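# Summary of structural features
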Amino acid sequence: MKRLLLALALVALFTAPALADRSMAGGYCNLIAPTTANPGELVTFEFYVFNGSPDTEWTADVIFTFPACFEVTGGYYNDGGLGWTFNFSGIGTNVASFLDGDAGYGEIYDGDGGLFYVEVLLGADCECGPVTIHWFQQGDIWGSAPHFVEGDLPFTVCGTPTEDATWSSVKSLY
């Protein structure tokens with residue numbers, strides 16, 4: 001009996017660290033384009049969302065929260081043929097939600113990613129300067145906690161466009 005208890009204790013000791021690493025950790029979101037826009041403009045944001053879960057927890061929901069002066073006018077995604085089923089909501093608000101559309105099993109498998117597009121109208125009352133876009137990726141609660149990853153992406157309202165210039169053209173200014 002003592003040997004059995006000792007064996008069980010050793011198994012628990014060696015598997016506990018592996019279980020502690022299981023989660024939605026490793027998932028991320030990148031803003032592909034645009035990096036700037038002006039008040040009054042209608043723009044389409046392109047995001048790349050990746051599920052990096054080490055324990056087969058699939059992404060069920062992807063949510064983007066824009067500054068209050070932004071208004072969501074539409075949204076869609078490109079799964080590259082993987083067969084995702086997301087329901088989009090948020091038109092008329094500043095929150096774009098892509099919610100699991102097939103009974104909670106999740107859509108983005110661990111190790112996969114895809115593109116999300118959100119059409120947004122920047123309000124005339126948007127102040128110029130740096131802002132953040134918050135992203136949230138919710139898992140299907142299959143793996144270990146935490147069952148979500150989130151973060152903030154930088155964006156600039158009223159960005160200054162730049163022109164290509166040569167060193168000669170810059171020197172001629174002086």
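Residues numbered from 1 in each chain as written. Predicted model: local features only at pLDDT ≥ 70, side-chain atom pairs only at ≥ 80, totals over all residues. Heavy atoms only, no water.

### Some details on the side chain of Ser-97
Mapped onto the elements, Ser-97 comes out in strand β7 (residues 95-100). Contact partners of Ser-97, with chain neighbours within four places excluded, come to Val-62, Ile-63, Asn-87, Phe-88 and Ser-89. (Helix = DSSP H or I, 4+ residues; strand = E, 2+ residues; numbered from the N terminus. Contact = heavy atoms within 4.5 Å.)

### Regarding the nonpolar core
By size, the foremost hydrophobic cluster in this structure holds 29 residues, and its most contacted members are Phe-45, Phe-47, Phe-64, Phe-66 and Phe-116. Secondary-structure elements contributing two or more residues to this core are β1 (28-33), β3 (42-50), β4 (59-65), β5 (70-78), β7, β8 (113-122), β9 (129-139) and β10 (148-157). For Phe-45, the contacting residues outside a window of four places in its chain are Leu-31, Ala-33, Pro-34, Phe-66, Phe-70, Phe-116, Tyr-117, Val-118, Val-120, Ile-133 and Phe-155. (Core = buried A, V, L, I, M, F, W, Y, C linked by side-chain atoms within 4.5 Å. Buried < 20%, exposed > 50% of the residue type's maximum accessible area, 1.4 Å probe, protein only.)

### Here's the deal with the state of the cysteines
A full pass over the atoms with the stated rule returns two disulfides. One disulfide bridge connects Cys-69 with Cys-126, the sulfur atoms lying 2.2 Å from each other. The sign of the S-S torsion, about 115°, decides the handedness of the disulfide formed by Cys-69 and Cys-126: right-handed. Pair noted here: Cys-69 is in the loop between β4 and β5 and Cys-126 is in the loop between β8 and β9, with a separation of 57 residues, a long-range link. On the basis of relative accessible area, Cys-126 is assigned to the buried category, the value being 6%. The disulfide partner of Cys-128 is Cys-158, and the S-S distance across this bridge is 1.9 Å. On the S-S bond that ties Cys-128 to Cys-158, the torsion sits near -55°, and the link is left-handed. In this pair, Cys-128 is assigned in the loop between β8 and β9 and Cys-158 in the loop between β10 and α2 (167-171), connecting sequence segments 30 residues apart. Residue classification places Cys-128 among the exposed positions, given a relative accessible area of 57%. What makes Cys-158 partly exposed here is its relative accessible area of 23%. (Disulfide = S-S within 2.5 Å.)

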